[in-house]
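A look at the structure
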4 protein chains.
Amino acid sequence: MLDAPRPAPDWQVARWFNTDAPRSLSHLRGRVVVLHAFQMLCPGCVARGIPQAQRTAELFAQAPVAVIGLHTVFEHHEVMGPAALEAFLHEYRIRFPVGVDVPGEHGDPIPRTMRAYAMRGTPTTVLIDAEGRLRKQVFGAHEDLLLGAQIGLLLAEAEGLSKRGAVSRATGAGCTDSGCTPAA
Amino acid sequence: MLDAPRPAPDWQVARWFNTDAPRSLSHLRGRVVVLHAFQMLCPGCVARGIPQAQRTAELFAQAPVAVIGLHTVFEHHEVMGPAALEAFLHEYRIRFPVGVDVPGEHGDPIPRTMRAYAMRGTPTTVLIDAEGRLRKQVFGAHEDLLLGAQIGLLLAEAEGLSKRGAVSRATGAGCTDSGCTPAA
Amino acid sequence: MLDAPRPAPDWQVARWFNTDAPRSLSHLRGRVVVLHAFQMLCPGCVARGIPQAQRTAELFAQAPVAVIGLHTVFEHHEVMGPAALEAFLHEYRIRFPVGVDVPGEHGDPIPRTMRAYAMRGTPTTVLIDAEGRLRKQVFGAHEDLLLGAQIGLLLAEAEGLSKRGAVSRATGAGCTDSGCTPAA
Amino acid sequence: MLDAPRPAPDWQVARWFNTDAPRSLSHLRGRVVVLHAFQMLCPGCVARGIPQAQRTAELFAQAPVAVIGLHTVFEHHEVMGPAALEAFLHEYRIRFPVGVDVPGEHGDPIPRTMRAYAMRGTPTTVLIDAEGRLRKQVFGAHEDLLLGAQIGLLLAEAEGLSKRGAVSRATGAGCTDSGCTPAA
């Protein structure tokens, strides 16, 4: 249900909403990341993708899962600017952090993160594991049961990582009950 | 299920979409009019009101029923202008005529038709009979079964009117199988 | 939206639920009748037809509309008997009157009312006007908006009938403000 | 999202449908088991629980996940017998194995497996890990996203178990690329 790990490009964000601090991929290490790429005037995003992202954020609020929205505008640029997005987020009561993808270079209508991930369109759901690796990318509607299972598999990996991390910290950099040591 | 008839104010429209000719109330005499007032960034409109208006337009395409959309922007004016609406109508594949309500006077955030009808918000569904009279105004979600029944009642009235009209046309202005005559 | 009137056969009912008195068609004269033929083990009936009948009964509770259920068992007869139906009506909280169609004659698996109406299967929705005439018969899913409109058209006819009936009553059998008279 | 492991009682089944061989818990070792307890006349089961079980069976068909239905009749016993259940499974096109819970002892209306699991009612979803241990039991509606995540977590455990099992097999009973050996 997951793909072989490959590097996940960091997102390039012009502006963040619903968060004081930028949420770069490197800051999310240790957490399972569910990235929802959408456009505010995309019917499939509004009807299915965004509600799914909202339910995900609510249901996994106690787990190490980060839901991040990404506004990947590739059409109707003039009417989906930050002010329009802000009104949209307010009216739809979207609470998770949402970044605005940086416009494409040299007249490219596709914004940069969308281009870096080679997304086919919106909505696109991207799953990134706790080590920051891309594990699944789905264009269009994605079944709740499958998304849930993929999150569950990645949570299990994250937990294993966390346990092994405790060991590596004990023998390398980091702190144990006995004290703190620098990396060997 | 219908209210006592009262005059229906004509709408004041700055610009029309999905129609070459303006659709004023006087041009719709003889037809049952279903007016759907909405805002493109209103979740209840997008999830329920507009799909209902679309189903109404499709299911009653062969009947003397006119579905008219009215974009009654009373908030976020700067991001719900005509260009944004045009992109919205395109993406949501809305085919029925949609008018943009004229902005309110003297800084009134409520646009003029919305003010004239004393609408409480969006979505608002207005039913106007074949004689151009206001017969029902509903704010918020409106049951398909009830909307259907109200349209059916008004269609029955329109048919009765048409029969009586045929008589009056035969004896007054209009055309019969025998020929055309000017109004007495 | 309605068909040309034709005689509606009365139903043949072995047993009634949710009513003390049998509801024959003749007793329902003056009311618009929505007859919902179903089987308790028919998925389309349970998911769509019966909930629509329940909404119809609730939404038109104040109008001269009678919703009647008819259990037209044409398969799995041995497990859809009256005791099973009674448990089903209880668990699904169905409140409108439901009759059990009389089994077919001479080994006919199709029960008698279903046969008399030439229904193709379940669910089937039948609309009968206030004069007891069959005006529409729909097999399978039926749009709420269209069912509503058909009910509205028949309600308008019933109202016209009632007005004309008031005149006939005034000059024939019945009661007026002046008193009651026998039929001439 | 999962509970601490505790022993899962095996089910007591009077009769199986949709399978030639009984599916006891011991035969399902190594697989994640999703047990759906339902009654055919339970509206919440028909509207939500059973469709969820069907989607689960379809979406995880390629994974080591076993979906098992259990007909836990605790009311209306006389109309929810095996013949009625068989017609129900046929009409609703339910394909996963379904067992009939053995009736309660000494007049107990609660059947035995339902009693052994202390289920509160129907629908109840039970998750059992690949080692045959009870890990979650949910009464009523269960979110697809959460059910999916719980299945994912248990699949990850099963995979780890399988890897460790491969090691133990290499050093004990079982086959490797080099050949097969009896248990030490």
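Cut-off values and rules
- Note that residues are indexed from 1 along each chain, following the sequence as it is written.
- Throughout, the order in which chains and ligands are written sets their labels, letters from A for the former and numbers from 1 for the latter.
- Only residues with pLDDT of 70 or above have their local features reported here, since the model is predicted, and side-chain atom pairs are shown and tallied only from 80 upward, although totals for entire chains, interfaces and linings are computed over all residues.
- Computation of side-chain values covers all heavy atoms of the structure but excludes hydrogens and water.
- What counts as a helix is a DSSP run of H or I of at least four residues, what counts as a strand is a run of E of at least two, and both are numbered from the N terminus.
- Only the protein chains shown count as cover for residues, with accessible areas throughout obtained via the Shrake-Rupley method and a probe of 1.4 Å.
- Only a pair of cysteine sulfur atoms within 2.5 Å qualifies as a disulfide here.
- Each residue gets one of three labels from its accessible area relative to the maximum for its type: buried under 20%, exposed over 50%, partly exposed in between, using a 1.4 Å probe on protein chains only.
- Two strands are counted as paired when DSSP detects at least two bridges linking them.
- Overlaid copies result from least-squares superposition on C-alpha atoms, with residues included only where pLDDT is at least 70 in both.
- We call two residues in contact when some of their heavy atoms are within 4.5 Å.
- Accessible area, probed at 1.4 Å, shrinks when two parts are joined; the buried area is that loss added up over both.
- Criterion for a salt bridge: a side-chain nitrogen of Lys or Arg within 4 Å of a carboxyl oxygen of Asp or Glu.
- Here a polar contact means two N or O atoms within 3.5 Å. Within protein one must be a hydrogen donor candidate and the other an acceptor candidate, and residues neighboring in sequence count only if both atoms are side-chain atoms.
- As a working rule, the residues Ala, Val, Leu, Ile, Met, Phe, Trp, Tyr, Cys and Pro are called nonpolar, Asp, Glu, Lys and Arg charged, and the rest polar, with Gly in that last group.
- Only buried residues count toward a nonpolar core, which is a set of Ala, Val, Leu, Ile, Met, Phe, Trp, Tyr and Cys residues joined through side-chain atoms within 4.5 Å.
- For helices, the fitted line uses only the C-alpha atoms of the stretch in contact; every axis is such a line through C-alpha atoms, and the angle between N-to-C directions lies from 0 to 180 degrees.

Re the overall build of chain A
Tallying secondary structure elements over chain A gives 4 helices and 9 strands in all. Walking chain A from its N terminus toward its C terminus, one meets helices and strands in the order β-β-β-α-β-α-β-α-β-β-α-β-β. As displayed, chain A has an accessible area near 8,600 Å², and 52% of this comes from carbon and sulfur atoms.

Some remarks on the state of the cysteines
Each disulfide is one covalent bond, formed between the sulfur atoms of two cysteines. All names here are of chain B. In total, this model carries 4 disulfides over all chains according to the counting rule given. Between the sulfur atoms of C42 and its disulfide partner C45 the distance amounts to 2.4 Å. As the torsion about the S-S bond is roughly 80 degrees, the C42-C45 disulfide counts as right-handed. Per residue, the accessibility class of C42 equals that of C45, and both read buried.

Re the pairing of strand β6 (residues 124–128) of chain A
Residue and element names in this part refer to chain A. Extensive coverage of β6 is indicated by the burial of 5 of its 5 residues. One ladder, built from 5 bridges, connects strand β3 (residues 32–38) with β6; its direction is antiparallel. Within β6, the residue paired with L35 across the bridge is V126. When β6 meets strand β7 (residues 133–139), the two strands line up antiparallel, connected through 5 bridges. Bridging across to β7, V126 finds its partner in Q137. In sequence, β6 turns back onto β7 through a hairpin of 4 residues, with G132 there showing a positive phi of about 80 degrees.

Concerning the relation of the copies chain D and chain A
For the pair chain D and chain A, the relating rotation is 180 degrees, the translation along its axis is 0.0 Å, and the fit reaches an RMSD of 0.0 Å. On this basis, the relationship between the two copies can be described by a two-fold rotation axis. Counting the interface residues of chain D, we find that 100% of their copies in chain A are interface residues as well, pointing to one common contact surface.

Structural notes on the interface of chain A and chain B
Note on interface size: it is often stated as the accessible area lost on association of the parts. At the junction of the two partners, chain A supplies 15 residues and chain B supplies 15 residues. Roughly 1,300 Å² is buried in total at the junction of chain A and chain B, and carbon and sulfur atoms are behind 70% of that figure. Contact with chain B buries area across many residues of chain A, yet A:L41, A:E91 and A:Y92 alone supply 41% of it, more than any other trio. On inspection of chain A and its partner chain B, the count reaches 0 salt bridges. Across the contact surface, chain A and chain B share 2 residue pairs in polar contact (both at pLDDT 80 or more). Sorting the residues of the side of chain A that touches chain B by element identifies α1 (43–59) and α2 (82–91) of chain A as the ones contributing at least two each. By residue number, the principal contributor to the side of chain A that touches chain B is α2(A), which donates 6 residues. The residue inventory of the side of chain A that touches chain B, partitioned by class, reads 11 nonpolar, 2 polar and 2 charged.

Details of the side chain of D:T122
All names here are of chain D. Here T122 is to be found in the loop between α3 (112–116) and β6 (124–128). Classification of T122 as buried rests on a relative accessible area of 12%. Beyond its immediate chain neighbours, meaning those up to four positions away, T122 contacts A37, F38, Q39, C42, C45, T72, F74 and F139.

So, the nonpolar core
In summary, soluble globular proteins display a tendency toward joint burial of nonpolar side chains. One finds A:F88, B:V65, B:F88, C:V65, C:F88, D:V65 and D:F88 to be the most contacted residues of the largest nonpolar core, which totals 150 residues. When neighbours within four sequence positions are excluded, D:F88 is seen to be in contact with C:L41, D:F38, D:M40, D:V46, D:I50 and D:I94.

Brief notes about the environment of C:V126
Residue and element names in this part refer to chain C. The residue V126 is located in strand β6 (residues 124–128) in this model. Overall, V126 belongs to the buried group, its relative accessible area being 0%. On a C-alpha basis, the gap between V126 and G69 in space is 10 Å, while along the polypeptide they are 57 residues apart. Leave out the neighbours within four places in its chain, and V126 touches V33, V34, L35, Y117, M119, L134, K136 and Q137.

Some points on the interface of chain D and chain A
Across the contact, 17 residues belong to chain D and 17 residues belong to chain A. Buried surface at the junction of chain D and chain A, both sides included, amounts to about 1,400 Å², of which 84% is carbon and sulfur. At the surface where chain D touches chain A, the tally comes to 0 salt bridges. The tally of links between chain D and chain A comes to 2 residue pairs in polar contact (both at pLDDT 80 or more).

Observations concerning the sheet that holds strand β7 (residues 133–139) of chain C
Residues and elements named next belong to chain C. Pairing in this open sheet of 7 strands is mixed, and the strands run β1-β7-β6-β3-β4-β5-β2 from one edge to the other. Since the sheet does not close on itself, it has two edges, and those belong to β1 (6–7) and β2 (13–17), each with one partner. The pairing of β1 with β7 spans 2 bridges and is classified as antiparallel. Bridge pairing links R6 to L134 in β7. Relative to strand β3 (residues 32–38), helix α1 (residues 43–59) is tilted by about 160 degrees, and along the sheet it contacts β3, β4 (65–71) and β6. Seen against the sheet, helix α2 (residues 82–91) touches β2, β3, β4 and β5 (98–101) and runs at an angle of roughly 30 degrees to β2.

Focus: the side chain of D:S24
Residue and element names in this part refer to chain D. Mapped onto the elements, S24 comes out in the loop between β2 (13–17) and β3 (32–38). Polar side-chain contacts of S24 include one of 3.0 Å to the side chain of S26. Side chain to side chain, S24 and H27 meet in a polar contact 2.7 Å long. Apart from residues no more than four positions distant in its own chain, S24 is found in contact with D10 and W11.

In short, geometric facts, not functional conclusions.
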